[in-house]
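Residues per chain are reported as follows:
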Amino acid sequence: MAKILCILSAIVFVVKTDDVSEFNATITAVNMTLNSTVNRTIAFKTPVFSLFSTTTTTANKPVLGKKNMRKKNADDKRIDQDEDGKHETKNGTADAKKEPDCPPLGLKSLRVDDSQFQASSYLRMGLGPHRARLNIQSGIEDGDMYDGAWCAKYEDQHQWLQVDALRPTLFTGVILQGRNSIWSWDWVETYKVQLSNDSETWKTCMNGTEEAVFVGSRNEPETPYLALFPQPAVARWIRINPQTWYWNGTICLRAEVLGCPLPDPDNVWQHFSEKLSGSKDNLDFRHHNYKEMRKLMKAVNEECPRITRIYTIGKSYTGLKLYVMEISDNPGKHELGEPEFRYVAGMHGNEVVGRELVLNLMQYICREFRRGNPRIVRLVTTTRIHLLPSMNPDGYETAFEKGSELAGWALGRYSYEWVDMNHNFPDLNNIMWDAKENDTDMVKTANHYIPIPEYYTKEDAFVTPETRAVISWMQDIPFVLSANLHGGELVVTYPFDCTRDWAPQENTPTADDSFFRWLATVYASTNLVMANPDRRICHSEDFQQHNNIINGGAWHTVPGSMNDFSYMHTNCFEVTVELSCDKFPHASELPTEWENNKESLLVYMEQVHRGIKGVVRDKMTKKGIADAIVKVEDLDHDIRSAADGDYWRLLNPGEYKVTVWAEGYFPSMRRCNVGTEARPTICDFILIKTPRQRMNEILAKGGRLPQDLQLKLRALRLRKLRASTKAINQRRKHSRKARGTRFARAPRPLTPLA
């Protein structure tokens, strides 16, 4: 911090001050920037993955720039010799942690524009300097416009990648990564850094009296490596100058730069003229690990106890609970006619934007409800909302441990058992399609409530405990609408995700394709980034040509997705929202992410009130009839009534012929008109039981009464799944206890939420 103060003081006195007022304005701007810098410094917590090294003319002896690194303590250091005979000094292990001085400049998050990149040369346009962004992904084939790195045209030590920060910046470090490609194997192993204030005169970053050489990638191209500078330095331009690279590859890299923006000496009013960024909502904008997530949820519950309830739906493989926040005017109870809505985030543990948005959303709804915001009050009093911020807490903790810039593209994506949960649900699509192909009577083929296959209910089925918990949750609550929040792109996808005949890409619409397209459009058109026609594409695919929505199968086939399972096994319609190009943005980006998505999150929830709803009742008893089939003419997808007889059928505006049937009852038909307003049309149904005389006639002729065998099979498979889940959980619990007795110091469990 003393170094930062000295640098800022120097900047102040260099500024030409013609009068006292101008000088005071400069002092104020610098002080405000210093406070901002200090806050960002505290907020940025990322582990150091690699340290700088230098080559010297005296026995290759390394010279370290940090005071604590100068101590010759054999227990804290080890010296490894690489293949070229050079020595590199590492502080303990590669996972040693340190807090970098400044946050990312924004190469990874796209805050740095393509025009701010330059390079000495590039192999082709698809490998140009604008592709040198940390974690950027290439297309399927090399050679197009969207390859996965900057690659120099020539292989020599005069190549460089240059970034213009647009203003004086206190640079503190660089993060480097190799090329993303399934065909090529390229990375930079060591590099130098040069700085400039005019882009013409360059000064090399020094380590004492020698030019510092920093360690880049090692052995593979995907792991990000962080190098902190021996001394922070102020400049506007920064260059990365590769020195050595993979022997069987070429000069290719992806990068992020750490730097604190400072006031421009030539524009003392810059601080005041810049637009305020972030959010006006006073929410907890930071990354929350498991413990902090629990604290936040508990705080919201204590702030709004009348409309919130915290419950769990199960545990992860390592025993972390899957917490859900319920928001309703009558929490803990399903109210007749009130639709149930859910947001699920964190299925892929390293896609963290959804997790933080859901946590922000529960804070926002609580506070706005207390303020009497009419929109929020109406939403809470007419909808039962369920928010699951972390479906894969094990994966998130893995990514969180590395930090936002060093987790890479895939670390933490999978479950503890290395399962992609979005491929872990039962594949009901092909079961339905095969049945339709083999059944001559298409009318009798099930198009909804398709039972879980028998193999899936076995104890040895490769199904994660998190997936089992979510499936059981879906059975317990009659959800109507949902969204699965992901990250890494900017697009909304809708079912079907799985293609027919295993085609890698094929538009595969559902019977409700028009309504799914509406749902996707509602979110995409109100998202501030997706709706921006001038935005840069994230990686290699331009979804703006599809208005930022796409059928899941048309993008890439995903058998066993949660979207498809939700649609075919329950009444719930679900889309996937890819929220951000950056899967794990720095905490400083979270206020902007909230503003980009706030309206989308709210307006999407309000869509649960479109279409028709009502109650199916017995004419004699007036009681609701559970599991009655609600069929809309010309839509080959039915839904069922809930336990109390209430139902919700999402529909676009129009007139519909609706027929309701239940076992032991005559069917009933009526026409229902759906308007353009975001409120449902009430369509109640009264069913009359089949006369006993008619039943006796059927039985006397040796016939069989019509039975809802599909419903019975569905219930049976669910019971088997829950039984196998219980047996697995008991074995896992005993195993954890056994491990605990073998270790003297077992980790202390967290205090459960109230």
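Residue positions are given per chain, counting from 1 as you read along its sequence in written order. Predicted model: local features are reported for residues with pLDDT of at least 70 only, side-chain atom pairs are reported and counted for 80 or more only, and whole-chain, interface and lining totals are derived from all residues. Values shown for side chains rest on all heavy atoms present in the structure; no hydrogens or waters enter the calculation.

Within an unreviewed UniProt entry, the label attached to the chain reads Carboxypeptidase X, M14 family member 1, and the organism entered is Oncorhynchus kisutch. UniProt positions are given in the numbering used here, feature names are shortened, and annotations may be inferred rather than shown by experiment. Check the Subcellular location (unreviewed entry) section of the UniProt entry for the chain; it says "Secreted". Quoted verbatim from the Cofactor (unreviewed entry) field of UniProt, the annotation for the chain is "Zn(2+)".

Across its full length, the chain holds 16 helices and 29 strands. We call a residue buried when its accessible area falls under 20% of the maximum for its residue type, exposed when it is over 50%, and partly exposed in between, using a 1.4 Å probe and counting protein chains only. With 754 residues in all, the chain has 56% of them scored as buried. When the accessible area of the chain is evaluated, it comes to approximately 33900 Å², of which 52% is carbon and sulfur surface. Put simply, DSSP marks the helices as runs of H or I at least four residues long and the strands as runs of E at least two long, and each gets a number from the N terminus on. For accessible areas, the Shrake-Rupley method is used with a probe of radius 1.4 Å. Any residue's cover is judged against the shown protein chains and nothing else.

With that settled, the discussion passes to the state of the cysteines. For the purposes of this analysis, a disulfide is any pair of cysteine sulfur atoms at a distance within 2.5 Å. Inspection of the entire model under this criterion finds 5 disulfides. With its sulfur 1.9 Å from that of its partner, Cys-151 forms a disulfide with Cys-252. Across the S-S bond linking Cys-151 and Cys-252, the dihedral sits near 115°, which makes this disulfide right-handed. Here Cys-151, found in strand E5 (residues 150-151), pairs with Cys-252, found in strand E13 (residues 252-261); they are 101 residues apart in sequence, far enough to count as distant. Both residues of the pair, Cys-151 and Cys-252, count as buried. The disulfide partner of Cys-538 is Cys-581, and the S-S distance across this bridge is 1.9 Å. Its S-S torsion of about -65° marks the bond between Cys-538 and Cys-581 as left-handed, since a negative value means left-handed.

A few words on the packing of aromatic side chains. Here is the rule: rings of Phe, Tyr and Trp (six-membered ring for Trp) pair when centre to centre is within 6.5 Å. Planes less than 30 degrees apart are stacked, more than 60 are edge-to-face, and the remainder are tilted. Under the definition given, this model contains 26 aromatic pairs. Measuring from ring centre to ring centre gives 5.5 Å for Tyr-414 and Trp-418, while their planes differ by 35°; the resulting arrangement is tilted. Assessed through its relative accessible area of 28%, Tyr-414 is described here as partly exposed. Ring centres of Tyr-455 and Tyr-456 lie 6.3 Å apart, and the angle between their planes is 80°; this geometry places the pair in the edge-to-face category. Judged by its relative accessible area of 4%, Tyr-456 is buried. Following the ring pairs from residue to residue traces out a cluster consisting of Trp-433, Phe-496, Phe-515, Phe-516, Tyr-567 and Phe-573. The ring of Trp-160 has Arg-239 lying over it, and the distance from NZ or CZ to the ring centre is 3.6 Å. Only when the NZ of Lys or the CZ of Arg is both within 6 Å of the ring centre and within 35 degrees of the ring normal is a charge said to sit over the ring.

With numbering matched to this structure, UniProt assigns "active site" (unreviewed entry) to Glu-578. With respect to the element layout, Glu-578 can be found in strand E21 (residues 573-578). Judged by its relative accessible area of 8%, Glu-578 falls in the buried class. Once residues within four sequence positions are removed from consideration, Glu-578 is found in contact with His-486, Gly-487, Gly-488, Glu-489, Leu-490, Val-491, Met-530 and Trp-555. Throughout, a residue-residue contact means that at least one pair of heavy atoms, one from each residue, lies within 4.5 Å.

Just so you know, the count uses Lys and Arg for positive and Asp and Glu for negative, and it drops His and the chain ends. What counts as a salt bridge is simple: a side-chain nitrogen of Lys or Arg found within 4 Å of a carboxyl oxygen of Asp or Glu. Of the buried charged residues, Glu-578 lacks a salt bridge, with Arg-413 as the closest side chain of opposite charge at 7.3 Å. In protein, a polar contact requires one atom able to donate a hydrogen and another able to accept it; more generally it is a pair of N or O atoms within 3.5 Å, and residues adjacent in sequence count only if both atoms are side-chain atoms. Here Gly-487 takes part through its backbone nitrogen, which lies 3.3 Å from a polar atom of the side chain of Glu-578.

This next bit is on the pattern of salt bridges. Under the definition given, this model contains 36 salt bridges. Here Glu-454 makes a salt bridge to Lys-720, at a shortest N to O gap of 3.0 Å. Of this pair, Glu-454 sits in the loop between helix H9 (429-438) and helix H10 (465-476) while Lys-720 sits in helix H16 (residues 709-742), and the two are 266 residues apart along the sequence. Accessibility expressed as a relative area gives 33% for Lys-720, which makes it partly exposed.

To continue, consider the sheet that holds strand E18 (residues 479-486). With mixed pairing, the 8 strands of this open sheet are ordered in space as E14-E15-E17-E16-E18-E21-E19-E20. The strands lining the two open edges of the sheet, one partner per strand, are strand E14 (308-315) and strand E20 (549-551). The sheet shows a mean angle of 20° between the axes of neighbouring strands, direction not considered. Criterion used throughout: strands pair if DSSP finds at least two bridges between them. Bridge count between strand E19 (residues 491-494) and E21: 3 bridges; the pairing is antiparallel. Of the residues in E21, the one forming a bridge with Val-491 is Glu-578. Convention adopted: a line fitted to C-alpha atoms gives each axis, helices being fitted over their contacting stretch, and angles between N-to-C directions are expressed from 0 to 180 degrees.

This paragraph deals with the confidence of the model for the chain. Across the chain, the average pLDDT comes to 83, with 80% of residues at 70 or higher. pLDDT expresses how confident the predictor is about each individual residue, on a scale running from 0 to 100. Per-residue pLDDT stays below 50 along residues 742-754; that stretch engages in 12 contacts with residues further than four places along the chain or on separate chains.

The strand order across the open sheet formed by 4 strands is E24-E23-E26-E27, and the pairing between neighbours is antiparallel. Whereas interior strands pair on both sides, the edge strands pair on one side only; in this sheet they are strand E24 (639-640) and strand E27 (668-674). The pairing of strand E23 (residues 629-632) with E24 spans 2 bridges and is classified as antiparallel. Across the sheet, residue Ile-629 finds its bridge partner in E24, namely Arg-640.

With that out of the way, let us pick up the pairing of E13. Of all 10 residues in E13, 9 are buried, a share of seventy percent or more. As paired elements, strand E6 (residues 161-177) and E13 share 8 bridges and run antiparallel to each other. Among the inter-strand pairings, Phe-171 is bridged to a residue of E13, identified as Gly-259.

The two faces of the sheet receive side chains in turn, since in a regular strand these alternate between them. Most of strand E15 (residues 321-327) sits out of view: 6 of its 7 residues are buried. Note: E14 against E15, 6 bridges, orientation antiparallel. Along E15, the bridge assignment pairs Thr-308 with Ile-327. Connecting the antiparallel pair E14 and E15 is a turn made up of 5 residues, with Gly-319 showing a positive phi of about 100°. When E15 meets strand E17 (residues 384-388), the two strands line up antiparallel, connected through 3 bridges.

Right, let's get into the environment of Arg-367. Looking at where Arg-367 falls in the secondary structure, it is placed in helix H6 (residues 353-371). Taking relative accessible area as the criterion, Arg-367 reaches 23% and is therefore assigned partly exposed. Put simply, Arg-367 and Val-300 are 67 residues apart on the chain and 8.9 Å apart in space, counted from C-alpha to C-alpha. Apart from the residues within four sequence positions on either side, Arg-367 is in contact with Asn-282, Leu-283 and Glu-303.

What follows concerns the environment of Glu-351. Relative to the helices and strands, Glu-351 is located in the loop between strand E16 (340-345) and H6. Glu-351 sits in the buried class, given a relative accessible area of 3%. Note: C-alpha distance between Glu-351 and Ser-580 (229 residues apart in sequence) is 9.0 Å. The contacts of Glu-351, once residues within four sequence positions are left out, are Gly-346, Arg-413, His-486, Gly-487 and Lys-583. One polar contact links the side chain of Glu-351 to the main-chain amide nitrogen of Gly-487, over a distance of 3.0 Å.

By nonpolar core we mean a set of buried residues, namely Ala, Val, Leu, Ile, Met, Phe, Trp, Tyr and Cys, connected to one another through side-chain atoms within 4.5 Å. Counting residues in each nonpolar core, the largest one holds 96 residues, and the members touching the most others are Tyr-343, Met-362 and Trp-473. Ignoring any residue separated from it by four or fewer positions in sequence, one finds Trp-473 in contact with Tyr-311, Ile-313, Val-324, Arg-342, Val-344, His-386, Leu-388 and Phe-479. By size, the runner-up hydrophobic cluster in this structure holds 31 residues, among which are Ala-132, Val-163, Ile-238 and Ala-255.

Right, let's get into the packing of H10 against helix H13 (residues 562-569). Running from amino to carboxyl end, H10 crosses H13 at an angle of 30°, the nearest separation of the two axes being 12 Å. By the criterion of interaxial angle, the relationship of H10 to H13 is roughly parallel. Regarding H10 and H13, the two cross each other, and that crossing is right-handed. Residues Val-470, Ile-471, Met-474 and Gln-475 of H10 form the contact with H13, whose participating residues are Met-562, Phe-565, Ser-566 and His-569. Any residue outside Ala, Val, Leu, Ile, Met, Phe, Trp, Tyr, Cys, Pro, Asp, Glu, Lys and Arg is labelled polar, Gly included; the first ten of those are nonpolar and the last four are charged. Of the residues that constitute the contact of H10 with H13, the class distribution is 5 nonpolar, 3 polar and no charged. Should an angle fall under 35 degrees it is taken as roughly parallel, and over 145 as roughly antiparallel, whereas 65 to 115 is taken as roughly perpendicular and any remaining angle as oblique. Left-handed describes a crossing whose near helix is turned anticlockwise from the far helix by less than a right angle; the clockwise case is right-handed.

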